[in-house]
Amino acid sequence: MNTDETTLGHIQELRRGTVVLACLIRLRTPDYGYALLESLNSLGILVDANTLYPLLRRLEKQGLLTSEWNTDEARPRKFYRTSPSGDQLATALATDWRRIDDALARLDTGDAR
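Computed from a predicted structure; not experimentally measured. (Residues numbered from 1 in each chain as written. Predicted model: local features only at pLDDT ≥ 70, side-chain atom pairs only at ≥ 80, totals over all residues. Heavy atoms only, no water.)

**A few points about the sheet that holds strand E3 (residues 77–82)**
1) Next: Across the sheet, three strands lie side by side as E1-E3-E2; this open sheet has antiparallel pairing. The open sheet is flanked by strand E1 (31–32) and strand E2 (65–70), the only strands paired with a single partner.
2) Next: Taken together, the two bridges between E1 and E3 define a ladder with antiparallel strand orientation. What sits directly across from aspartate 31, in E3, is tyrosine 80.
3) Next: Here helix H3 (residues 49–61) sits on the sheet and contacts E2 and E3; the angle it forms with E2, its principal contact strand, is near 115 degrees. (Pairing = 2+ DSSP bridges. Helix = DSSP H or I, 4+ residues; strand = E, 2+ residues; numbered from the N terminus. Contact = heavy atoms within 4.5 Å. Axes fitted to C-alpha atoms, helices over the stretch in contact; angles between N-to-C directions.)

Written out as C-alpha cells, the structure is:
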C-alpha cells in the first residue's frame, strides 16, 4: 500500500463520523436528501449518495432523525429533520469535536502539556 492509499484511507475514516455530525446539525432545518447532499458537498463535506441515503435511513431507525413525505410537488420527496434526541447527540458530538480540535491545535503548535 503506498502513501497516497494510506492517506486516503485515513481521510475516509476521519470523515465517517463527521458526516453523521454534519447531517444532524444541517437537518435541524428540515430538507430532503438530495438538497442535503448538495449542501454538504458545497461546504466541503464530501459525501456521495450511496453513502448518504443509507446513513439517513440508519439515523432515522436510531430515532435521531424523523422524516415525512412531501407530496405537494409533482415528485414526492422525503424530508428529514433532526429529532430531539438527534439534537442532543449533535450538541454532545460538537462539544467533543471542539475539545478534540483544540487539543490537536495545541499539539500542532507544540503547546501540549
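**Side note on the environment of arginine 99**
1) Next: One can find arginine 99 in helix H4 (residues 84–108).
2) Next: Within the structure, arginine 99 has its side chain in polar contact with the side chain of aspartate 96 (distance 2.8 Å). (Polar contact = N/O pair within 3.5 Å; in protein donor to acceptor, adjacent residues only side chain to side chain.)

**Remarks on helix H2 (residues 33–42)**
1) Next: Every buried residue belonging to H2 is among Gly33, Ala35, Leu36, Leu37, Ser39 and Leu40, and all of these are buried.
2) Next: Glycine 44 occupies a position one or two residues after H2 and carries a positive phi of about 90 degrees. (Buried < 20%, exposed > 50% of the residue type's maximum accessible area, 1.4 Å probe, protein only.)

Any functional reading would require information beyond the geometric quantities listed.
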